[in-house]
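Here are the chains, one letter per residue:
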Amino acid sequence: MPLQNNKQRNFQTAHMLKCLSIFALLLLGLASGGCDQLPNSPYPADQQQQNILYSSFSERPKHLDPAVSYSSNEYAFIGQIYQPPLHYHYLKRPYQLEPLTATELPIPVFLDDQFNPLPSDTPPSEVTYSRYQITIKPGIRYQPHPAFAVDNSGTPRYHQLSSSDLVDITRPTHFSHQGSREVTAADYVHQIKRFSLPDLHSPISGFLGQYILGLNELTAVLANQPNDSTASANINLNNHSLAGAKLINRYQYEITIKGSYPQFIYWLAMPFFAPMPIEVTRFYDQPLLKQKNISLDWFPVGSGAYQLVENNPNRRMVMARNPNFSGATYPSEGSPGDLESGLLTDAGQPLPFIDQAIFSLEKESIPVWNKFLQGYYDRSGISSDSFDQAVQFGDGVGAEVTAELATKQISLQTSVAASTIYIGFNMLDSVVGGYDQNQQKLRQAIAIALDMEEYISIFLSSRGINMHSPLPPGIFGYQDGEANVNPITHTWQNGTATRKPITRARQLLAEAGYPNGRHHQSGEPLIIHFDTANSGPDAKAFLDWLRKQLTKIDIQLVIRATDYNRFQDKVRNGQVQMYMWGWNADYPDPENFLFLLYGPNSQVPDHGENSSNFQLPEFDALFEQMRNLPNESERQLLIKKMLTIFQQQTPWAGGFHPQQYVLQQSWIGNLKPSHLAHDTLQYQRIDVPLRNQLRTDWNQPVWWPVVAILGLISLLMVPAIRLAWHRE
């Protein structure tokens, strides 16, 4: 028996020593492993040396089809993929159009009603048609895609797919054969014809139908095609001509529009007018692919610098360099100060510089901010929660980064956005809509009660300018000082715009038939519904604030929250009462903002961008006079009349023009804010070694707590070991 006890004690002692050794080895393994891969890194180790840009998104893009997409979160992707004939110079300010795939900027030829040329100085009222002839550069090629894959006889491989062909296929890159071809003028004509497809629901088809010759007529013809979910698949656009979009030869086509519309050239810089090969639409029109969610809205096909190789909106979206992209170089000239700030260092170098861009889903702003501080995101906006940690204001100088960020060499770029964010009313609604005086006064009362100056201060950290009209600063028609003030909501006092008192809002509400927030006959409380897609702590704070604003005049606000895509559908179908929406300029012209209130551009029934469905003949007539005029006094006078109508009718309760603050890490170069250019990723550069070094410096593992715990465990084990040895 004694022999057996000694053996047991020896075994227990050896086991204790072995456990202690294993624990120490584990600690050493962790420490040595951290030299190659940071323990808190959200990215795989094999990405560490790769030329990848890391960013985030909060809502998945709903549309990636360039004929349908019309949202800034969608343009962040398709702007890198599609190539319209024109684009904006990356560096020059004011914004300047230049050829992209076109050989030169097209100059319109004015025509009479018999299509005979007119002198270039013909007054707009005497121009019946304007014709733009566009020549495309040869040699531009599409990204690899199975739609272009053909067999040895030239027959498309994947245009008649069966279920057996789609086993284990979830994205276009899974097809074994990939093809490509040259971009031709026919692809641009095909894209313009697509605006007429009855089930496409392009948001600008109604608007363009007013200009592009024959587009409305073609839309009417195609509307008589079979009306089912596969209507577009049954339509061969090659069998239908369009007078306003004609092919001349392989590299030339022409667009004919009605009348004189100088702003039309700006539309040629938007993805709407990018090329769309007929092979791609035929490929994606196959019902079996649609059942697997493989569609043009999900996997775009273009000739730009990047291609979308992964679309997993619940996790991440990945863009990779288009291997067929070539010929583009970094600008060799820019705006004053660009040379001194290093924005011309890469002049003449081939584009793009970044191989891949990974956008990770982040629904909350705090994780984005923390990862940016750790170096795991290359750039970041600034939420209200992190504003004080990021930005400070010096004595008499503008915003600058705090000392903490300055030590990390993080820099700040600020710019006034050519944008308007607004809280709108649905003018089709029976309560807040309509055009009589009582309905006007109800909207005016709400507009006074919504203290947007307070909103800008609380939620934007003063990064915005109160909206008095749809026009933001920098757009012709915007006026500084008293001339810009909305007399319905503000008065001009001591050189500043002062919001009218809440007593005025109560008075207007009573005159509208709702004294003390109750219907003057039934006594029922006035309840307003606010539709929103916002979520998270920031959204709750805003919605609580919004309720309090209307409580000041005894109006009850009910929040109807939903996801962003459902919210978009509700706006487009006129199923909202009040909502918050925004508009980023497509081009630097007042027409691009005032058309948000143009009757024929209403969401209902035309699927336009007039989300408030504001339709007033007097306003529309002024808009039609104003749109084609040069930026001179006559146009300014018409704009003033339009803004007076806008302020009196109050289809928008209030809003602001945002100021954008963007932080960038020291390792990202060639980043210049642009509110109109879309193809900006190709110009940016990443210094990968510098990023790795700084990430390592900022994320050094703290090992002393582990060492302390190990030491404590060792001390606790010593008496047991000594006792075991003593017994032995």
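Residues numbered from 1 in each chain as written. Predicted model: local features only at pLDDT ≥ 70, side-chain atom pairs only at ≥ 80, totals over all residues. Heavy atoms only, no water.

**Q** Any chance you could break down the overall build of the protein for me, citing the residues and the numbers?
**A** Regarding its fold elements, the protein presents 21 helices and 24 strands. With respect to the three principal axes, the spread of C-alpha positions in the protein is 115 × 80 × 55 Å. Classification of the 728 residues of the protein by burial places 51% in the buried group. Counting only carbon and sulfur atoms, one obtains 53% of the accessible surface of the protein, whose full area is about 32,100 Å². (Helix = DSSP H or I, 4+ residues; strand = E, 2+ residues; numbered from the N terminus. Buried < 20%, exposed > 50% of the residue type's maximum accessible area, 1.4 Å probe, protein only. Areas by Shrake-Rupley, 256 points an atom, 1.4 Å probe, with all protein chains shown as cover.)

**Q** Tell me about the sheet that holds strand β7 (residues 252-258), and please be specific about residues and values.
**A** A sheet is described by the order of its strands in space; here four strands give the open sequence β4-β5-β7-β6, paired in antiparallel fashion. Taken across any chain shown, the strands that pair with only one partner, and hence form the sheet edges, are β4 (109-111) and β6 (245-249). Going from strand to strand, the sheet's axes swing by 25° on average, the running direction of each strand aside. In the sheet, β4 pairs with strand β5 (residues 129-135) via three bridges, with the strands oriented antiparallel. Note that in β5 the partner of Leu111 across the bridge is Tyr129. Set on the sheet, helix α3 (residues 185-194) makes contact with β6 and β7; between it and β6 the angle comes to about 170°. (Pairing = 2+ DSSP bridges. Axes fitted to C-alpha atoms, helices over the stretch in contact; angles between N-to-C directions. Contact = heavy atoms within 4.5 Å.)

**Q** I'd like to hear about the pairing of strand β9 (residues 316-321), residue by residue, with values.
**A** Direction of pairing for strand β8 (residues 306-312) relative to β9: antiparallel, over a ladder of six bridges. Looking at the pairing, Glu310 lines up with Val318 of β9. Taking the residues that link successive antiparallel strands as the turn, the β8-β9 hairpin has three residues. Bridge count for β9 against strand β10 (residues 356-361) is five bridges, and the pairing is antiparallel.

**Q** Let's hear about the sheet that holds strand β1 (residues 52-57): which residues, and what values?
**A** Judged by pairing direction, the sheet is mixed, and its four strands sit side by side in the order β1-β10-β9-β8 without closing on themselves. In the strand order of this sheet, the two ends are held by β1 and β8, each with one partner. Averaged over neighbouring strand pairs, the angle between their axes works out to 20° when direction is ignored. Where β1 lies against β10, six bridges are found, and the strand directions are parallel. What sits directly across from Ser56, in β10, is Ser360.

**Q** Can you lay out the pairing of strand β21 (residues 578-584) for me, pointing to particular residues and giving the numbers?
**A** For β21, a buried count of five out of seven residues is recorded, marking the element as mostly surrounded by other parts of the structure. By the bridge criterion, seven bridges tie strand β15 (residues 419-425) to β21 in an arrangement that is antiparallel. For Ile421, the partnering residue across the bridge sits in β21 and is Gly582.

**Q** Pulling in residues and values, what's your account of the side chain of Thr489?
**A** Relative to the helices and strands, Thr489 is located in the loop between β16 (464-466) and β17 (490-493). Here Thr489 falls in the buried class, since its relative accessible area comes to 7%. A distance of 2.7 Å separates a polar atom in the side chain of Thr489 from a polar atom in the side chain of His490. In this structure, Thr489 is in contact with Ala447, Ile448, Thr498, Arg499 and Lys500, ignoring residues within four places of it in sequence. (Polar contact = N/O pair within 3.5 Å; in protein donor to acceptor, adjacent residues only side chain to side chain.)

**Q** Go over the packing of aromatic side chains with me, naming the residues and quoting the values.
**A** Using the criterion set out here, one finds 47 aromatic pairs in the structure. Between Phe459 and Trp545 the ring centres are 6.1 Å apart and the planes differ by 75°, which places this aromatic pair in the edge-to-face class. Highlighted residues: Phe459 in helix α13 (residues 452-459) and Trp545 in helix α15 (residues 537-551), separated in sequence by 86 residues. Comparing Phe459 with Trp545, the two get one shared label, buried. (Phe/Tyr/Trp six-rings, centres within 6.5 Å; stacked < 30°, edge-to-face > 60°.)

**Q** Describe helix α5 (residues 215-223), with residues and values.
**A** Every buried residue of α5 is accounted for by Leu215, Leu218 and Leu222. For α5, the arc enclosing every buried residue in end-on projection is 60°, short of the 170-degree limit, so these residues lie on one face. Each element contacted by the buried residues of α5 is listed here: α3 and α4 (205-209). (Arc of directions from axis to C-beta.)

**Q** Before we move on, can you summarise the packing of helix α12 (residues 437-449) against helix α14 (residues 502-511) with the specific residues and values?
**A** Any two packed helices are characterised by how steeply their axes cross, that is the angle between the axes, and by the distance between the axes. Interhelical geometry of α12 versus α14 gives an angle of 160° and a closest axis separation of 8 Å. Comparing their axes, α14 and α12 come out roughly antiparallel. Crossing hand, α12 versus α14: left-handed. Contacts between α12 and α14 involve Asn438, Lys441, Leu442, Gln444, Ala445, Ile448 and Ala449 on the former and, on the latter, Ile502, Arg504, Ala505, Leu508, Leu509 and Glu511. A class-by-class count of the residues in the contact of α12 with α14 yields eight nonpolar, two polar and three charged. (Parallel < 35°, antiparallel > 145°, perpendicular 65-115°, else oblique. Left-handed = near helix turned anticlockwise from the far one by under 90°. Nonpolar A, V, L, I, M, F, W, Y, C, P; charged D, E, K, R; others polar.)

**Q** Before we move on, could you go through the pattern of salt bridges and cite the residues and values that matter?
**A** If you walk through the whole model with that rule in mind, you get 23 salt bridges. Taking the shortest distance from any N to any O, the salt bridge between Glu182 and Arg250 comes out at 2.8 Å. Of this pair, Glu182 sits in the loop between β5 and α3 while Arg250 sits in the loop between β6 and β7, and the two are 68 residues apart along the sequence. Notably, a salt bridge pairs Asp554 with Arg506, separated by 2.8 Å at the nearest N-O pair. Of the two residues, Asp554 sits in the loop between α15 and β20 (556-561) while Arg506 sits in helix α14, which places them 48 residues apart along the sequence. You can call Asp554 partly exposed: its relative accessible area is 32%. Sharing partners across several salt bridges, the network here consists of Arg181, Asp187 and Glu279. (Salt bridge = Lys/Arg side-chain N within 4 Å of Asp/Glu carboxyl O.)

**Q** Which residues make up the environment of Asp388, and what values do they have?
**A** Its location among the elements puts Asp388 in helix α10 (residues 387-390). In this structure, the C-alpha to C-alpha distance between Asp388 and Gln252, residues 136 residues apart in sequence, is 54 Å.

**Q** Would you mind going over unusual backbone geometry in detail, with residue names and values included?
**A** Geometrically, the link from Arg93 to Pro94 is a cis peptide bond, its omega value of 0° lying close to zero. Relative to the helices and strands, Pro94 is located in the loop between β2 (86-88) and β3 (97-99). Looking along the chain, the bond that leaves Val604 and enters Pro605 is cis, with omega of 5°. Its identity is not glycine, yet His201 carries a phi of approximately 60°, on the positive side. Within the secondary structure, His201 is located in the loop between α3 and α4.

**Q** Please give an account of the packing of α13 against α15 that cites residues and values.
**A** Contact pair α13 / α15: the axes reach a minimum separation of 12 Å and the direction vectors enclose 160°. Relative to α15, the element α13 lies roughly antiparallel. Note that α13 runs across α15; the crossing there is right-handed. Contacts from Met452, Glu454, Tyr455, Ile458 and Phe459 of α13 reach α15 at Asp538, Ala541, Phe542, Trp545 and Gln549. Split by residue class, the contact of α13 with α15 holds seven nonpolar, one polar and two charged.

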